[in-house]
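Residue-level listing of the chains:
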Amino acid sequence: MTYQSLRHCCDDLEKTGQLIRIRKELDPDLVIPALHRRVYQSRGPALLFEKVKGSPFQAVSNIFGTKERSFYLFEDVIRRFEWLVKLKIDPLSGLKSPFQLLKHLPWLMASLPKKQNHSPLKHHCTLSELPKIRSWPRDGGSFITLPQVISFPPDSLLPKQANVGMYRIQLDGNSYIHNEEVGLHYQLHRGIGVHHRMHLESAHEFKISIGVGGPPAYTLASIFPLLEGLSEILFSGLLNSRRYHYTIQEGYFLPADVDFCITGKVKEGLLKEEGPFGDHLGYYSLKHPFPVLGDLKVWHKADPLWHFTVVGRPPQEDSSFGALIHEFVSELTQSEFPGIKKVHAVDVAGVHPLLLAVGSERYMPFRERKPEEILTQANHLLGKGQTSLAKYLIIAADGSDSPPDIHHIEEFLKYVLERIDFTKDLHFQTQTTIDTLDYSGSGFNEGSKLVIACNRDPQRKLSEEIHLFDKIPTPFSNPRLITAGIVAIKGTAFTNYQQVDQEIKPLIEFLGQSEFEKFPLVVLTDDSEFTASDFSNFLWEAFTRSNPSHDVYGVRPHYNFKHWSCSPPLVIDARTKPHQAPVLESDPDVEREVDQILHEHGQLKNLIK
C-alpha cells in the first residue's frame, strides 16, 4: 500500500486491528523496550506509545513485528517488483513485452524523487527531547535503532548520488557532549564510509542527514541490498509507489516525508568511543572509537512519531526485513551468483555466522561425485556483498539426490552430515575478516571462515544412541542429544587455548572409537542442557561462539599438502571465551514492571502469556 507518512501507516494498521495504543506513560529507558520484546515474542500488534516519559513525542514500534504484517505493508509493490527484477535479469525482456513496460511506466515515473521549495519539517527540538530508547541494561546510552543515514560525495546533494544506510546512532552517554554530539557507527567499506574517505581528501565539510520515521518503505530501503546502479532515493519511492519528496535546507538534504531529521557535520579527526550496544547476535557490541557528528540541528514535522525497534538475540522485529528482502530479490540469486540456486542466512544463528546454500555441479557428470563447482560458487558467495560476512558456509549440490529445503535447517544439516567426507570437504580461510559485530574471532573484525562442501553419496548413518557417551573423560560431562548425529557436551569454563588444547586431547581420543562415526558433530558448551533444549539454542551457540580456525577440532587431524582434514566427529568448542562480548540479559525488576503493565492493559492481557 502507498503510505504518505508513518502516521498514515499507523492509522491503517489500527483500523485493521494490527496496532494498539499504550496510553499509560512509560519509561523509554528499558521499560518500553522490554514491553516491545514481550509483545513481539507473542506475535502481537504494532505498539503506539502515546506518552513517553521525558519526551513530548509519541513513539511507535513493532510495525514489522510479524511477517504477515510486513507483507501486508508491501503486498502491492511486491508484485510490481517481480517485473523489475526480471527486467534486471533480462534487460531485453522490456523490448520483448512492450505492453508490460507501458503498464509499469506510470509506477516508475511516479517514483522519481521530487524537490520541494518548502518542507513540512518546520519545527525544531533538542536531542534531549527525543524519546531516549535504551534497550538493554549495559547499553552505553540511548540509540536510534531505525535511522535513515543519508550522505553524499563532496559538493553534491543529488538524490542519485546519495547513500542511505541504517547505521546506528548513539544519542547520549559516554563522553558525547550533551545535546551537541552523537556517535556514528559504521565501517569504512560501507557506502557512507566511501563518502567519508572522499571528504577527507577534499576541502568540503562532511554533512550528514539522519531521518527517522516516514513511510515504512523508507526504513526498508535503508537496509536493502540494492540492484547495481539503482539510486537509493529512487528505490525508496519505488517501494512506496510514491515520489520521494525532499528539500534543501541550510545546505542539508531533508527528506520531506520523514517525521524527524537530525542534521550535522562529521567532526574531522575526532573519534569517540561508541557503545556498548545490545546487538542482533544476542551479545553486546563493545566500545570502539567511531566518528562523531556535531553542529547538530533536529527538525521535525507537526505531530511526529518516533519510529524505533529493539535489537537482540534473534528472532526480533528486524528478522522480518530478511523475509521481505528474500521475497523481493529471490529471483536474482542465480543471476548474481551463477550456479547458486538457493541461499539462506540463518536468522536464529545471528544471520552472518551461518550461511546455507544449494549450488549446482555441471562439470564431469560421469565421474565420482565430489565437490567441484560448488567450491567456486562458495568463493563467489564469500566474495560479494552481504554473503561475504558469512563465517560458516555449508553448501550442498543439487541433483538427483537433492538436499532438503535450506529453510528446514535441521533436515538440511542431517543431509550434509550423512554425506561429507571429513578428509576432503572442510575448507578453512584463516587470518581474514569477519563481521565487526562478531566477537568470536581473534580481534576486532578479525577471524576465520569454514566452508563445508557436500556433493557425495551417503557416507554414514546418524545415530541417537546417546548412551555411547556415558564414559566421556573428565572434565567433560552431561552429554545431551540435540538431534540425530549431533551431541552437546558440557565443558568446564574456558581459560585459554593452550590449556584447552591439553584438555581436549583425551576427549578427541575417546571420540576416535568407531561407534562415534555415527555422531559427526559434537558441540562443547557451557550448559549442554540449554544447548539441547531447543534446536535454535544449538544454532545460536555453536555458530556465534566459535572461531573456525581456533575452535574446530577433529579426530586424527592431519594435513595433506596444507589441507587440514580429520575423521568424524568434528568438534566445535562453543563455550564462552574470555574475550567474547557479554550475553544480553534483561533486568528482572523491569520484567516485573512489564508484567504489571500487561496485566493492566485489557488488549494485551489476554495476548501475552
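Owing to the predicted nature of the structure, the values given are computational and were not obtained by experimental measurement.

How do you make sense of the overall build of the protein when you look at a structure like this?
What the protein contains, in helices and strands, is 18 helices and 28 strands. On C-alpha atoms alone, the protein measures out to a radius of gyration of 25 Å, which is about the 25 Å that the 2.2 N^0.38 rule sets for 609 residues. Put simply, the protein shows about 25,400 Å² of open surface, and 51% of that area lies on carbon and sulfur atoms. With 66 positive and 75 negative side-chain charges, the protein shows a spacing of 3 Å between the two charge centroids.

What is the right way to read the sheet that holds strand E12 (residues 245–249) from this model?
For sheets, the rule is that strands pair by backbone hydrogen bonds, running either parallel or antiparallel. Pairing in this open sheet of three strands is mixed, and the strands run E4-E12-E13 from one edge to the other. Two strands bound the open sheet, and with one partner strand each, they are strand E4 (114–115) and strand E13 (252–255). As paired elements, E4 and E12 share two bridges and run parallel to each other. Residue Lys-115 lies in a different strand from E12, and its bridge partner there is Tyr-246.

Where do I start with the state of the cysteines in this structure?
Each disulfide consists of a covalent bond between the sulfur atoms of two cysteine residues. Enumeration according to the criterion identifies zero disulfides in this entry. With no disulfide of its own, Cys-261 has Cys-125 as its nearest cysteine by sulfur position, at a separation of 11 Å. Among the cysteines around Cys-454, which has no disulfide bond, Cys-566 carries the closest sulfur, lying 15 Å off. By relative accessible area, which is 2% here, Cys-454 ends up buried.

I would appreciate a short explanation of the pattern of salt bridges in the present structure.
Between side chains of opposite charge, a pair can form when the charged atoms approach closely. Overall, the coordinates contain 35 salt bridges when judged by the stated rule. Among the salt bridges present, the one from Arg-168 reaches Glu-274, with a minimum N-O distance of 2.6 Å. Separated by 106 residues along the polypeptide, Arg-168 in the loop between strand E8 (163–165) and strand E9 (169–170) and Glu-274 in strand E14 (residues 260–274) bring together distant segments of the chain. Classification of Arg-168 by relative accessible area gives buried; the value is 10%. Under the relative-accessibility criterion, Glu-274 is labelled buried at 0%. Where Glu-418 meets Arg-419, a salt bridge forms, and the shortest distance between an N and an O atom there is 3.0 Å. With relative accessibility at 8%, the residue Arg-419 sits in the buried group.

Help me understand the layout of surface pockets in this model?
Gaps left between atoms show up when a probe the size of a water molecule is rolled over them. Here the second largest pocket is characterised by a volume of approximately 480 Å³. What lines the second largest pocket is a set of 25 residues, and nearest its centre among them are Tyr-186, His-196, Leu-200, Val-266 and Pro-291. Among the elements that take part in the lining of the second largest pocket, E14 stands out by supplying seven residues, more than any other. When grouped by side-chain class, the residues that make up the lining of the second largest pocket number 12 nonpolar, eight polar and five charged.

Sorry, what's going on with the environment of Ile-482 here?
Structurally, Ile-482 can be placed in strand E24 (residues 477–483). The exposure class of Ile-482 is buried, given its relative accessible area of 13%. Distance in space between the C-alpha atoms of Ile-482 and Glu-372 is 31 Å, their sequence separation being 110 residues. Apart from the residues lying within four places of it in its own chain, the contact partners of Ile-482 are Val-487, Ala-488, Thr-531, Ala-532, Phe-535 and Phe-538.

Hey, could you run me through the packing of helix H12 (residues 409–419) against helix H15 (residues 535–544) in this one?
Helix-helix packing is characterised by the crossing angle of the two axes and by the distance between the axes. One way to put it is that H12 packs onto H15 with a least axis distance of 11 Å and a crossing angle of 60°. With respect to each other, H12 and H15 are oriented oblique. Of the residues in H15, those in contact with Ile-409, Glu-410 and Leu-413 of H12 are Phe-535, Phe-538 and Leu-539. Of the residues in the contact of H12 with H15, the class split is five nonpolar, no polar and one charged.

Would you mind going over the side chain of Glu-274 with me for this structure?
Looking at Glu-274, its side chain comes within polar contact range of the side chain of His-185, at 3.0 Å. Ignoring any residue separated from it by four or fewer positions in sequence, one finds Glu-274 in contact with Phe-143, Arg-168, Gln-170, Asn-174, Tyr-176, His-185, Leu-286, Lys-287, His-288 and Phe-290.

Got a minute to help me understand helix H9 (residues 319–329) in this structure?
Each turn of an α-helix holds 3.6 residues, which means side chains three or four residues apart point in the same direction. For H9, the buried fraction is high: eight of the 11 residues fall into the buried class. Listed as buried for H9 are Ser-319, Ser-320, Phe-321, Ala-323, Leu-324, Ile-325, Phe-328 and Val-329.

Would you mind showing me how to read the environment of Val-292 here?
Position of Val-292 relative to the elements: it lies in strand E17 (residues 288–300). Each C-alpha atom of the pair Val-292 and Lys-267 lies 5.8 Å from the other, and the pair is 25 residues apart in sequence. Residue contacts for Val-292: discarding those within four places in its chain leaves Tyr-176, Glu-181, Val-182, Lys-265, Val-266, Lys-267, Leu-270, Leu-271 and Lys-272.

What's the story with the sheet that holds strand E21 (residues 392–398) in this structure? I'm lost.
The sheet built from five strands is open, its strands ordered E19-E20-E21-E23-E22 with mixed pairing. A single partner strand is all that each edge strand has here, and the edge strands are strand E19 (342–345) and strand E22 (426–433). Between one strand and the next, the sheet's axes are offset by a mean angle of 15°, whatever the strand orientation. The sheet contact formed by E22 and strand E23 (residues 446–454) spans six bridges and is antiparallel. Opposite Thr-433, over in E23, you have Glu-446 as the bridge partner.

How should I be thinking about the nonpolar core in this particular structure?
Soluble globular proteins tend to bury their nonpolar side chains together. Leu-35, Phe-49, Leu-130, Ile-210 and Trp-306 are the most contacted members of the largest nonpolar core, which has 47 residues in total. Those elements that place two or more of their residues in this core are strand E1 (19–22), helix H2 (31–41), strand E2 (46–49), strand E10 (182–184), strand E11 (207–212), E14, E17 and helix H17 (588–600). If one sorts the elements of this core by residue count, H2 sits on top with five residues. Once you skip the residues sitting within four places of it in the chain, Ile-210 turns out to touch Ile-144, Pro-147, Gln-148, Val-149, Ile-169, Leu-184, Phe-260, Cys-261, Ile-262 and Leu-293. Counting residues in hydrophobic clusters, the runner-up holds 40 residues, among them Leu-356, Leu-450, Ile-486 and Trp-564.

Rules behind the numbers
All residue numbers here refer to positions counted from 1 along the written sequence of the relevant chain. Since the coordinates come from a predicted model, pLDDT governs what is reported: local features require at least 70, and pairs of side-chain atoms require 80 or more to be given and counted, while whole-chain, interface and lining totals use all residues. To get the side-chain values, all heavy atoms of the structure are used, and hydrogens and water are removed first. In this text, helices come from DSSP runs of H or I with a minimum length of four residues, and strands from runs of E with a minimum of two, each type numbered from the N-terminal end. Only C-alpha atoms enter the radius of gyration, while the globule expectation follows 2.2 Å times N to the 0.38, with N the number of residues. Note on areas: Shrake-Rupley, 1.4 Å probe, and residue coverage restricted to the protein chains presented here. All tallies of charge rest on Lys and Arg as positive and Asp and Glu as negative; His and the ends of each chain are not included. By convention, the point assigned to a charge is CZ for Arg, NZ for Lys, CD for Glu and CG for Asp. For two strands to count as paired, DSSP must find a minimum of two bridges between them. Count a disulfide wherever a pair of cysteine sulfur atoms falls within 2.5 Å. The cut-offs for exposure are 20% and 50% of the maximum accessible area for each residue type, with area from a 1.4 Å probe on protein chains only; residues under the lower value are buried, those over the upper are exposed, and the others partly exposed. The working definition used for a salt bridge is a side-chain nitrogen of Lys or Arg within 4 Å of a carboxyl oxygen of Asp or Glu. Cavities and pockets are defined on a 1 Å grid built over the protein atoms alone: a cavity is a set of grid points where a 1.4 Å probe fits but cannot escape, while a pocket is an open set with protein on both sides within 12 Å along at least five of seven lines, and lining residues are those with an atom within 4 Å of any such point. Grid points are joined across faces, edges and corners, and a volume is the space filled by probe spheres set on the points. Lys, Arg, Asp and Glu make up the charged group, whereas Ala, Val, Leu, Ile, Met, Phe, Trp, Tyr, Cys and Pro make up the nonpolar group; the residues left over, Gly among them, are polar. Any two residues having at least one pair of non-hydrogen atoms within 4.5 Å are treated as being in contact. For helices, the fitted axis covers only the stretch in contact; all axes are lines through C-alpha atoms, and the angles between them, taken along N-to-C directions, range from 0 to 180 degrees. Working definition: roughly parallel below 35 degrees, roughly antiparallel above 145 degrees, roughly perpendicular at 65 to 115 degrees, and oblique for all remaining angles. Pairs of N or O atoms are called polar contacts if they sit within 3.5 Å, as long as, within protein, a hydrogen donor faces a hydrogen acceptor (for residues adjacent in sequence, only side-chain-to-side-chain pairs). As used here, the term nonpolar core means buried Ala, Val, Leu, Ile, Met, Phe, Trp, Tyr and Cys residues forming a set that is joined through side-chain atoms within 4.5 Å.

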